[in-house]
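# Topology and contacts: notes
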Amino acid sequence: MLNLLKNNVYDLPTNSGLNYYWCSGFVLSSVLILQIVTGIILSLLYVADHSLSFACVMGFSNEELSLWFVRYFHIWGASGIFFLLFIHMFRGLYYGSFNKGLVWSVGFILYILMMVEAFLGYILPWHQMSYWAATVLTGVVQSVPLIGELAYTYIVGGFGVTNTTLVRMFAAHVILAFVILGASVVHLFYLHLQGSHNSLGLSNGYSDAVYFHHYYSIKDTFCIAVFIFFLLVCLLLFPDLVLDSEAYLSADPLTTPVNIKPEWYFLFYYAMLRSISSKVGGLMLVIIFLFIFWLPFSFTKFGGSYSLLFQLNFWLIVGYLLVLSYLGACHPEWPYDWVSFICSFGVICSFFILKLVSW
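Residues numbered from 1 in each chain as written. Predicted model: local features only at pLDDT ≥ 70, side-chain atom pairs only at ≥ 80, totals over all residues. Heavy atoms only, no water.

### Some remarks on the overall build of the chain
The criterion, for reference: Strands are runs of DSSP state E lasting at least two residues, helices are runs of H or I lasting at least four, and both sets are numbered from the N terminus onward. With a 1.4 Å probe rolled over the protein chains alone, any residue whose accessible area is under 20% of its type maximum counts as buried; one over 50% counts as exposed, and the rest are partly exposed. For the accessible areas, the method is Shrake-Rupley and the probe is 1.4 Å, while residue cover comes only from the protein chains on display.
The helix and strand inventory of the chain stands at 14 helices and two strands. Of all 359 residues assigned to the chain, the portion counted as buried reaches 49%. Carbon together with sulfur atoms contributes 74% to the accessible area of the chain, which is approximately 18,300 Å² in total.

Structure below.
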């Protein structure tokens, strides 16, 4: 066991030219562990019942300062994980790490699992926005041809979102957390097997290598400390910044919120789903986007991140996603739906061109 730890952490050969963007994976793993710890504490006190869940969650915030802190750290930790995920994935995209097929594919599966996990956790407080978010998304699943009705019945457990749905989502949320932890170990295994990419895109990047400790362990520890400090500052100064006002209203099936919207890290997907009037059409648009994002190889060899065309496409993608995130929070009306469709089509084309003229 000690030899395994020594060879994979302490004496791991690492390229000497990695910048601070490569610290995102280590920081992400640390925040994930903190999320699991705070999640275990909350799960021991949570009651999965449609008539008690909202009061139970509000009790976390109103009764004791320590529970308030644990709950809000879990909320901000989820946002922190996705912030780090975007940095981690787009760093890999920019520097051509998607050419490491197994590492990239397992990492992409991890991203999908984390999106599912975040959505399940968003449902558990059973407030207005969580209830109607569950209703909207399960309705999208129901619209899938052939298997939609069966999948809907299996997920929801009836003809609509009920107490059965809440119990199933709580169980799935707890189990999936440990699946994500296991998948992270697999991701790390393939990273050490295939080796990390480097900022220069050199295939023989390990010809100039140093030991992970203490050249990079100190750098990663510094980044962890800075990021957790940043989370704590946001938590204490702006605790409700990532919460909607509807999060303080108990779920009411008879009252629909004025504007149903998900968390900030799902907004660009939500804009894509709403950009086409057909539920199936919006779902297909999201699937095409995810498929092109996942493609673990490039079609031709070009200049990589040093190519002007590559950089133009990369920053276009970032711009499109920021605009879509803004549009996802707007009302589903003209011209927002029309602009969302244009940006959705634009980001898919830019992604395809980026992979076409990449590394």
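### Brief notes about the packing of helix α11 (residues 267-274) against helix α13 (residues 308-328)
So the rule is basically this: Angular values range over 0 to 180 degrees, each being the angle between N-to-C directions of two axes fitted as lines to C-alpha atoms, with helices fitted over their stretch in contact. Here the word oblique covers every angle except those under 35 degrees (roughly parallel), over 145 (roughly antiparallel) and from 65 to 115 (roughly perpendicular). The contact criterion used is simple: two residues touch if any of their non-hydrogen atoms lie within 4.5 Å. Only Asp, Glu, Lys and Arg are considered charged, only Ala, Val, Leu, Ile, Met, Phe, Trp, Tyr, Cys and Pro nonpolar, and every remaining residue, Gly among them, polar.
In contact at an axis separation of 7 Å, α11 and α13 are set at 75° when each is read in the N-to-C sense. By the criterion of interaxial angle, the relationship of α11 to α13 is roughly perpendicular. In contact with Leu267, Phe268, Tyr270, Ala271, Met272 and Arg274 of α11, α13 contributes Leu321, Leu324, Ser325, Leu327 and Gly328. In the contact of α11 with α13, the residues fall into eight nonpolar, two polar and one charged.

### Details of the packing of aromatic side chains
Where we set the bar: Ring pairs are drawn from Phe, Tyr and Trp, using the six-membered ring of Trp, whenever the two centres fall within 6.5 Å, and their geometry is named by plane angle: stacked under 30 degrees, edge-to-face over 60, tilted for the rest. Remark: a charge is flagged as sitting over a ring if the NZ atom of Lys or the CZ atom of Arg is within 6 Å of the ring centre and within 35 degrees of the ring normal.
This structure, assessed with the given rule, holds 33 aromatic pairs. Residues Phe314 and Trp315 carry aromatic rings whose centres are separated by 5.0 Å and whose planes lie at 90° to one another, so their mutual orientation is edge-to-face. We classify Phe314 as buried; its relative accessible area is 5%. Just above the ring of Trp22 sits the side chain of Arg91; from NZ or CZ to the centre is 4.5 Å.

### Describing the pattern of salt bridges
Rules: Note on definitions: salt bridges are taken to be side-chain nitrogens of Lys or Arg within 4 Å of carboxyl oxygens of Asp or Glu.
Under the definition given, this model contains one salt bridge. Here Asp244 ties to Lys261 by a salt bridge, and the two come within 4.0 Å at their closest N and O atoms. Of the two residues, Asp244 sits in the loop between α10 (217-237) and α11 while Lys261 sits in the loop between α10 and α11, which places them 17 residues apart along the sequence. When its relative accessible area of 26% is taken as the criterion, Lys261 is described as partly exposed.

### A look at the packing of helix α5 (residues 101-123) against helix α6 (residues 128-142)
Taken N-terminus to C-terminus, the directions of α5 and α6 make an angle of 130°; their axes are 8 Å apart at the nearest point. Considered as vectors, α5 and α6 are oriented oblique to each other. Contact residues: Phe119, Tyr122 and Ile123 in α5; Met129, Ser130, Ala133, Ala134 and Leu137 in α6. Its residues assigned to classes, the contact of α5 with α6 shows seven nonpolar, one polar and no charged.

### Considering the nonpolar core
Inclusion rule: The set of buried Ala, Val, Leu, Ile, Met, Phe, Trp, Tyr and Cys residues whose side-chain atoms join them within 4.5 Å is what this entry labels a nonpolar core. In this document the domain limits rely on a domain assignment from an automatic tool or a database.
Of all hydrophobic cores here, the largest spans 90 residues; its most connected members are Phe82, Leu93, Tyr111, Tyr269, Phe289 and Val347. It is helix α4 (residues 65-94) that contributes the most residues to this core, 15 residues altogether. Shared between two domains, this core takes at least three residues from each, and those domains are domain 1 (18-200 + 209-257) and domain 2 (261-358). Apart from residues no more than four positions distant in its own chain, Phe289 is found in contact with Phe268, Tyr269, Met272, Leu321, Val347, Ile348 and Phe351. Among the nonpolar cores identified, the runner-up in size contains five residues, and Leu42, Cys56, Phe60 and Leu67 belong to it.

### With respect to the state of the cysteines
Formally: Here, a disulfide means two cysteine sulfur atoms that sit within 2.5 Å of each other.
If you walk through the whole model with that rule in mind, you get zero disulfides. Left unpaired, Cys223 is separated from the closest cysteine sulfur, that of Cys23, by 3.7 Å.

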